[in-house]
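# Structural overview for review
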Amino acid sequence: MERLTSPPRLMIVSDLDHTMVDHHDPENLSLLRFNSLWENAYRHDSLLVFSTGRSPTLYKELRKEKPLLTPDITIMSVGTEITYGNSMVPDHGWVETLNNKWDLGIVREEAGKFSEELKLQSETEQRPHKISFYVDKSKAQEVTKELSQRLEKRGLDVKIIYSGGMDLDILPQGAGKGQALAYLLKKLKTEGKLPVNTLACGDSGNDAELFSIPDVYGVMVSNAQEELLKWHAENAKDNPKVIHAKERCAGGIIQAIGHFKLGPNLSPRDVSDFLECKTENANPGHEIVKFFLFYERWRRGEVENCEAYTASLKASCHPGGVFVHPSGTEKSLRDTIDELSKYHGDKQGKKFRVWADQVLATDTTPGTWIVKLDKWEQSGDERRCCTTTVKFTSKEGEGLVWEHVQQTWSEQSEVKDNSSWII
Ligand code: GLC
Ligand code: MG
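Definitions and cut-offs
- Residues numbered from 1 in each chain as written.
- Chains lettered and ligands numbered in written order.
- Predicted model: local features only at pLDDT ≥ 70, side-chain atom pairs only at ≥ 80, totals over all residues.
- Near = placed C-beta within 6 Å.
- Nonpolar A, V, L, I, M, F, W, Y, C, P; charged D, E, K, R; others polar.
- Domains from an automatic or database assignment.
- UniProt positions renumbered as here; feature names shortened; annotations may be inferred.
- Helix = DSSP H or I, 4+ residues; strand = E, 2+ residues; numbered from the N terminus.
- Pairing = 2+ DSSP bridges.
- Contact = placed C-beta atoms within 7 Å.
- Axes fitted to C-alpha atoms, helices over the stretch in contact; angles between N-to-C directions.
- Expected span 1.5 Å × (residues − 1).
- Buried ≥ 20, exposed ≤ 12 C-beta atoms within 10 Å, placed from the backbone.
- Parallel < 35°, antiparallel > 145°, perpendicular 65-115°, else oblique.
- Left-handed = near helix turned anticlockwise from the far one by under 90°.

### Description of the site of ligand 1
Close to ligand 1 lie Gly 53, Arg 54, Leu 58, Val 78, Gln 121, Glu 125, Ser 132, Ser 163, Asp 167, Asp 169 and Asn 206, which account for all nearby residues. Class assignment of the residues belonging to the shell around ligand 1 gives a composition of 2 nonpolar, 5 polar and 4 charged. Taken domain by domain, the makeup of the shell around ligand 1 includes at least three residues from each of domain 1 (10–90 + 175–268) and domain 2 (99–172).

### With respect to the UniProt feature "domain: Sucrose phosphatase-like" (unreviewed entry) in the chain
This chain's UniProt record puts "domain: Sucrose phosphatase-like" (unreviewed entry) on residues 9–261. Summarising residues 9–261: 36% helix, 20% strand, and an end-to-end C-alpha distance of 12 Å.

### Section: the sheet that holds strand β3 (residues 73–76)
Read from one edge of the open sheet, 8 strands run β5-β4-β3-β2-β1-β10-β11-β12, paired in mixed fashion. Single-partner strands in this sheet number two, and they are β5 (89–90) and β12 (242–244). Of the pairings in the sheet, the one linking strand β11 (residues 217–220) to β12 comprises 3 bridges and is parallel in character. Across the sheet, the residue bridging to Gly 218 is Val 242, located in β12. Seen against the sheet, helix α6 (residues 177–190) touches β1 (10–14), β2 (47–51), β3, β4 (81–84) and β10 (197–202) and runs at an angle of roughly 150° to β3.

### Regarding the domain arrangement of the chain
Domain boundaries assigned for the chain yield domain 1 (10–90 + 175–268), domain 2 (99–172) and domain 3 (272–409). Summarising the inter-unit geometry, the C-alpha centres of domain 1 and domain 2 are found 25 Å apart. Opposite the 16 residues of domain 1 that make contact, domain 2 presents 14 residues. For the side of domain 1 that touches domain 2, the secondary structure elements donating two or more residues are α2 (56–65) and α7 (226–235). Broken down by class, the residue content of the side of domain 1 that touches domain 2 amounts to 3 nonpolar, 10 polar and 3 charged.

### Looking at helix α1 (residues 29–42)
In this model, α1 (14 residues) spans 19 Å end to end at C-alpha, consistent with the 20 Å of a helix rising 1.5 Å per residue. Among the 14 residues of α1, 12 are classified as buried, and the element is accordingly described as predominantly covered. Among all positions of α1, only Ser 30, Leu 31, Leu 32, Phe 34, Asn 35, Ser 36, Leu 37, Trp 38, Glu 39, Asn 40, Ala 41 and Tyr 42 are buried. Residues of α1 that are buried make contact with β1, β2, α8 (249–259), α9 (284–299) and β15 (352–362).

### Section: α6
Here α6 is 14 residues long and its end C-alpha atoms lie 20 Å apart, about the 20 Å a rise of 1.5 Å per residue gives. Along α6, the residues that are buried comprise Lys 177, Gly 178, Gln 179, Ala 180, Leu 181, Leu 184 and Leu 188. In the core, the buried residues of α6 are packed alongside β1, β2, β3, β4 and β10. Residue Gly 192 follows α6 closely and has a positive phi angle near 75°.

### Observations concerning unusual backbone geometry
The backbone of His 18 shows a phi angle near 65°, a positive value even though the residue is not glycine. Mapping His 18 onto the fold places it in the loop between β1 and α1. Phi angles above zero are rare outside glycine, and Gln 358 is one such case at about 50°. Tracing the backbone through its elements, the reader meets Gln 358 in strand β15.

### A few points about the packing of α1 against α9
For the pair α1 and α9, interaxial distance at closest approach is 8 Å and the crossing angle is 155°. Taken together, the axes of α1 and α9 are roughly antiparallel relative to one another. Judged by the twist between their axes, the crossing of α1 over α9 is left-handed. Two secondary-structure elements touch here, α1 through Ser 36, Glu 39 and Asn 40 and α9 through Gly 285, His 286, Val 289 and Leu 293. Here the residues of the contact of α1 with α9 sort into 2 nonpolar, 4 polar and 1 charged.

### Examining the pairing of β4
If a strand is regular, its side chains alternate between the two faces of the sheet. Of the pairings in the sheet, the one linking β3 to β4 comprises 4 bridges and is antiparallel in character. When the bridges of β4 are listed, Thr 74 appears paired with Thr 83. With 2 bridges joining them, β4 and β5 adopt antiparallel strand pairing. The residue of β5 that forms the bridge with Thr 83 is Pro 90. The hairpin formed by β4 and β5 contains 4 residues between the paired strands, and Gly 85 there has a positive phi angle of roughly 70°.

### As for the sheet that holds strand β17 (residues 382–394)
On the basis of which strands lie adjacent, the open sheet formed by 6 strands has the order β14-β13-β18-β17-β16-β15 and mixed pairing. Across the chains shown, the open sheet's two edge strands, defined by having one partner strand only, are β14 (330–332) and β15. On average, each strand axis in the sheet is tilted by 20° relative to the strand beside it, whichever way the strands run. Strands in contact with α9 are β15, β16 (368–379), β17 and β18 (400–409); relative to β15, the strand with the most contacts, it is inclined by about 170°. Against the sheet, helix α11 (residues 333–340) contacts β13 (317–324), β14 and β18, and its axis sits at roughly 75° relative to β13.

This is the structure we're talking about:
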């Protein structure tokens, strides 16, 4: 958050499973569409927040399975754990507030009396301020009622949330995704960084609270669960700030950005002609996202005869410009572009995707931009990531010139293999 010197233009607070991530789409297309939109138009001045029911352990697993961007803030375990930045620094202040009228031992003891109905979830999902079970749909309401009465009698103040037609979470009353968001908004406000707009996105019961935080726009994705739609019909039907999208998962988030006019909503992945984007070239982040998208399509054999684009790309490389491969070898930028022609369609029909994460540009001296990003490449079941630094220069009235590109293997990369890594 420190990188922002003024209030963020947009803060997206999104659930992951069945909202940002479509588990029914092995190609991850809507997620990849969201990713390029975010890196292209929002990363530099906005905040991305993931708010998931998953514990840190399961959250990290999901990140390995799916092409998720790196959020600025991560809220896990149904709003009971908040962390900041890449290194996920925990918010200890938030945790302290959750100890009020909460006692893990008593919750376990009382819940244990429902051993017929409640089946404990895996150990990783039991957290200091969250105890989670599976429960049959037909029993959920009755158990929730009885258990809350028992816990109240024992002097606790808890919140019981039912999600996805099977999960039952017990949390301190002050916890939950909505309370965590309210806390975050308050904190941002005191720092003078209250977002201009906030959009909450979700699909299931534990997301309902997100939609009752004042001044927050909300989208329930088209595939939202019955329990969330029921909650909406009973509690927020007349709130024009909350919509039920027509599109699934991340497609619904993009739809909501357009519906509420929160900013650009055309993903670069929805543009087929690269030369069409030419006019906006003065933005170095845009140049990067567009290039790596072209690179993916080129190797997938989805763009034909793109000589016009490669020629314009070559023309925008400085004649003495150098590309430093992660292996350490250096090549001229123009030769690197020429070499690309050999790889046209080599990934045709294969699982091959490329995405940029954390694209951030700084203009240290006038007319010079340094752009840093993580460039990810998925090929089959292997994923690799290179930290990439690009230096651009721009002259008044002219486009950007690629001066220098340097890549090093990222620590996040599962495979650090130089073979077949082109750019
Ligand atoms: C995630 C968590 C699980 C929780 C559910 C609903 O799936 O892993 O523990 O019950 O979200 O909040
Ligand atoms: Mg969900």
